[in-house]
Amino acid sequence: REFVIFGAGGNGGAGTSTGSAALPRTRALLEDLLPGAVSMARIGAGEIIFSALYPGTRLLPHCASSNNRLTCHLGLVCPRGPRIRVGKDWASWDEGKCLFFDDSYEHEVVHEGEGVRIVLLVRFWHLDLPEARWLPTLEEGMAQFEDMQ
């Protein structure tokens, strides 16, 4: 389950729970600390969400189409059992710690424990991509996607 804090389409994004408006302090803090990630979410190139993973869940291997963005998971509620594989490496979450990865590498998630795992998931532009390239990169990606349809 996901609770969108920032995403494309205005207040929280398409398909957003209306509850995102109930997080004014969280949203203001994210806007102050992570303006690039917030702008990325607002133009549709990423999102900032609370992600809850329930026992028995498995997210099949998948990857992003490019490495223009990176992902951060801040562990909020981290029972034993949930794990993530990025490339060949397996990791787990710790409360209060960030797990960073490039989601263009194949990754998957499994939860073989008990209790809900909750992370704050933030997508942000790759550090090597200059700000002047953010919007053109998104536009190029959208054009390539439309060409594939």
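What counts and how
- Residues numbered from 1 in each chain as written.
- Predicted model: local features only at pLDDT ≥ 70, side-chain atom pairs only at ≥ 80, totals over all residues.
- Heavy atoms only, no water.
- Salt bridge = Lys/Arg side-chain N within 4 Å of Asp/Glu carboxyl O.
- Helix = DSSP H or I, 4+ residues; strand = E, 2+ residues; numbered from the N terminus.
- Buried < 20%, exposed > 50% of the residue type's maximum accessible area, 1.4 Å probe, protein only.
- Pairing = 2+ DSSP bridges.
- Axes fitted to C-alpha atoms, helices over the stretch in contact; angles between N-to-C directions.

**Digging into the pattern of salt bridges**
Part 1 of the argument: Applying the stated criterion across every chain yields a total of nine salt bridges.
Part 2 of the argument: Of the charged contacts in the structure, one is a salt bridge between Arg-123 and Glu-47, with a shortest N-O distance of 2.6 Å. One end of the pair, Arg-123, is in strand β9 (residues 117–125); the other, Glu-47, is in the loop between α2 (35–42) and β2 (48–53), with 76 residues separating them in the sequence.
Part 3 of the argument: Its relative accessible area of 13% is what places Arg-123 among the buried residues.
Part 4 of the argument: For Glu-47, a relative accessible area of 23% translates into the label partly exposed.
Part 5 of the argument: For the salt bridge of Arg-85 with Glu-108, the shortest nitrogen-to-oxygen distance reads 2.7 Å. You can see Arg-85 sitting in strand β5 (residues 82–86) and its partner Glu-108 sitting in strand β8 (residues 107–111), a full 23 residues away along the chain. Of the two residues, Arg-85 and Glu-108, both sit in the buried class.
Part 6 of the argument: Overlapping salt bridges bring together Glu-47, Arg-69, Asp-103 and Arg-123 as one network.

**Let's talk about the sheet that holds strand β6 (residues 89–91)**
Part 1 of the argument: Spatial strand order, β3-β8-β5-β6: four strands in an open sheet with antiparallel pairing. Two strands bound the open sheet, and with one partner strand each, they are β3 (58–62) and β6. Averaged over all pairs of adjacent strands, the angle between strand axes in this sheet comes to 15 degrees, irrespective of strand direction.
Part 2 of the argument: In this sheet, β8 lies alongside β3 in antiparallel orientation, the contact comprising three bridges. By the bridge assignment for β8, His-62 is matched with His-107.

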